[in-house]
Amino acid sequence: MRWENLTDSDHARAADPALFGADAVTTRTFDTPEFRGITFHEVRARSILNRVPGASRMPFEWTVNPYRGCTHACVYCFARKTHSYLDLDTGLGFDSQIVVKVNAPELLRRQLASRRWQGEHVAMGTNVDCYQRAEGRYRLMPGIIEALTERANPFSILTKGTLILRDLEALTRAARVTDVGISVSVGFTDPELWRTVEPGTPAPERRLEVVRTLGEHGIGCGVLMAPVIPFLGDEPAQLRATVRAIAAAGATSVTPLVLHLRPGAREWFMAWLGRHHPHLVRRYERLYADGAYAPRWYQRRITRQVHELAQEYGVGPTRAGMPRRIAEPQVAPAPSEPVEPVQLSLI
């Protein structure tokens, strides 16, 4: 494996300083049902706050990613390419070779305390899921949330993992002092599609329970309806069923995102498509002939349909990354002296 050239930027030069060296890596396996077949590479990272490349479409500048690789094993995951920077396989290797930055909380605390840090918004779950199964063992997120809370630093989390509810108390404390944005990813509710394209994730209805539970505890939660998968999850009835379920869960917003197929993910997804839906291969080759993204006309059509359904079902405004904050507790007014009743007049 190539550890030495791994930097905090996916577009970094080989001469850039490495995030960690080979002498800082400990490889472990655990013979338990939930981790069988998975290898964990524990590293002590040298940096944890990552600046997003300027050319990125992302609406934020800084991210924290305590893990690389993801046991969710989503066949379309755009982050698969990042495993190739370590000379790791972007297919099964991405699903089963997980890099764990075991010093992430202490490192983040130190970097947030730097005079150079200006308190910018920090996004998490934007590369791989920070609440994937590994988090149940390594428990990095409580320390990360605590570090951000201590500095009242705004942050957001995107997840498919129900494990986020373990940290409900910590999120509630954070939301009292800073802007906290939580989004759950649910691209569809079709159980058969879920089992084949997102085999390591909690079922869509369990993710929507997360949305409902967070809302009941005063933390509004949006849904990133992603990905909408062409020809498999984009029928009007499928879109309606998904938006209806999102609305019933009390989501504050719904933001559709059509499947995109970047290098690394494209090859893995197309191989899966050839095995499971060979009749769709040529249609995908035509639809994605110009690159990683579906044509604008297709994206606009899906966005319009979802927005219309969201309006029909009463889901709030669709603004990606909109921060959610627990309302300040209302202080009851002091009792006033009783006054004599006054007759109101019309003039």
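Structure: above.
Here we summarise the structure given alongside this text. None of the values given here were measured: they were computed from a predicted structure. (Residues numbered from 1 in each chain as written. Predicted model: local features only at pLDDT ≥ 70, side-chain atom pairs only at ≥ 80, totals over all residues. Heavy atoms only, no water.)

## Examining the overall build of the protein
- Counting its secondary structure elements, the protein contains eleven helices and eleven strands.
- Looking at the 347 residues of the protein, the share that counts as buried comes to 50%.
- Sequence-distant contacts in the protein: of pairs separated by 6 or more residues, those separated by 24 or more amount to 75%.
- Surface accessibility of the protein: about 17300 Å² in total, with carbon and sulfur atoms responsible for 52%. (Helix = DSSP H or I, 4+ residues; strand = E, 2+ residues; numbered from the N terminus. Buried < 20%, exposed > 50% of the residue type's maximum accessible area, 1.4 Å probe, protein only. Contact = heavy atoms within 4.5 Å. Areas by Shrake-Rupley, 256 points an atom, 1.4 Å probe, with all protein chains shown as cover.)

## So, the packing of aromatic side chains
- With the rule as written, the count across this model stands at ten aromatic pairs.
- With 5.9 Å between their ring centres and 85° between their planes, Trp 297 and Tyr 298 make a pair best called edge-to-face.
- A relative accessible area of 1% means that Tyr 298 is categorised as buried.
- Above the plane of the ring of Phe 231 lies Arg 283, whose end atom (NZ or CZ) is 3.9 Å from the centre. (Phe/Tyr/Trp six-rings, centres within 6.5 Å; stacked < 30°, edge-to-face > 60°. Lys NZ or Arg CZ within 6 Å of the ring centre and 35° of its normal.)

## Overview of the pairing of strand β9 (residues 180-185)
- Here β9 lies mainly inside the structure; five of its six residues are buried.
- Handedness of the crossover joining strand β8 (residues 155-159) and β9 through helix α5 (residues 168-175): right-handed.
- Direction of pairing for β9 relative to strand β10 (residues 221-228): parallel, over a ladder of four bridges. Each bridged residue has a counterpart across the sheet, and for Ser 183 the counterpart in β10 is Gly 222. (Right-handed = clockwise from strand over helix to strand, strands pointing away. Pairing = 2+ DSSP bridges.)

## Some remarks on the environment of Glu 135
- Along the polypeptide, Glu 135 turns up in helix α3 (residues 134-138).
- The class of Glu 135 is buried, set by a relative accessible area of 0%.
- As a C-alpha pair, Glu 135 and Ile 164 span 29 residues in sequence and 9.6 Å in three-dimensional space.
- If we ignore the near neighbours within four places in the chain, the residues touching Glu 135 are Tyr 67, Cys 130, Leu 140, Met 141, Pro 142, Leu 163 and Arg 166.
- Of the polar contacts made by the side chain of Glu 135, one reaches the backbone nitrogen of Met 141; its length is 2.8 Å.
- In terms of polar contacts, Glu 135 uses its side chain to reach the side chain of Arg 166, at 2.7 Å. (Polar contact = N/O pair within 3.5 Å; in protein donor to acceptor, adjacent residues only side chain to side chain.)

## What to know about helix α7 (residues 204-216)
- For α7, built from 13 residues, the straight-helix expectation of 18 Å at 1.5 Å per residue is met to within 8% by its first-to-last C-alpha distance of 19 Å.
- Three or more residues of α7 are buried, namely Pro 204, Arg 207, Leu 208, Val 210, Val 211, Thr 213 and Leu 214.
- Packing partners of the buried residues in α7 comprise α5, β9, α6 (191-197), β10 and α8 (236-248).
- Positive phi shows up at Gly 218, right after α7, with a value of about 85°. (Expected span 1.5 Å × (residues − 1).)

## A look at helix α9 (residues 265-276)
- The terminal C-alpha atoms of α9, which comprises twelve residues, lie 16 Å apart, in line with the 16 Å expected from a rise of 1.5 Å per residue.
- For α9, the set of buried residues is Ala 265, Phe 269, Met 270, Trp 272 and Leu 273. Mapping the buried residues of α9 onto a view down its axis gives an arc of 160°, with all of them on the same face.
- Residues of α9 that are buried sit in contact with α6 and α10 (281-287). (Arc of directions from axis to C-beta.)

## What to know about the nonpolar core
- Formed by 90 residues in total, the largest nonpolar core has its most connected members in Met 124, Phe 155, Ile 157, Phe 269 and Tyr 284.
- Every residue in contact with Ile 157, bar those within four places of it in the chain, is listed here: Met 124, Cys 130, Tyr 131, Met 141, Ile 145, Ile 164, Leu 171, Gly 181, Ile 182 and Ser 183.
- If you look at the next biggest cluster of nonpolar residues, it comprises five residues, including Val 25, Leu 86, Leu 88 and Val 99. (Core = buried A, V, L, I, M, F, W, Y, C linked by side-chain atoms within 4.5 Å.)

## Structural notes on the layout of surface pockets
- Roughly 240 Å³ of internal volume is contained in the second largest pocket.
- In this structure, the second largest pocket is lined by Ser 47, Leu 49, Arg 51, Trp 62, Gln 111, Ser 114, Arg 116, Trp 117, Gln 118 and Glu 120. (1 Å grid on protein atoms, 1.4 Å probe; cavity = no way out; pocket = protein on both sides within 12 Å on 5 of 7 lines; lining within 4 Å. Points joined across faces, edges and corners; volume = space filled by probe spheres on them.)

## Observations regarding the pairing of strand β6 (residues 97-101)
- Counted residue by residue, β6 has four buried out of five residues, so it is predominantly covered.
- Bridge analysis of strand β2 (residues 39-43) against β6 gives five bridges, and the strand direction is parallel. Looking across to β6, one finds that Val 43 is bridged to Lys 101.
- Of the strand pairs in this sheet, strand β5 (residues 67-68) and β6 are connected by two bridges, and their pairing is antiparallel. The partner of Arg 68 across the bridge, within β6, is Val 99.

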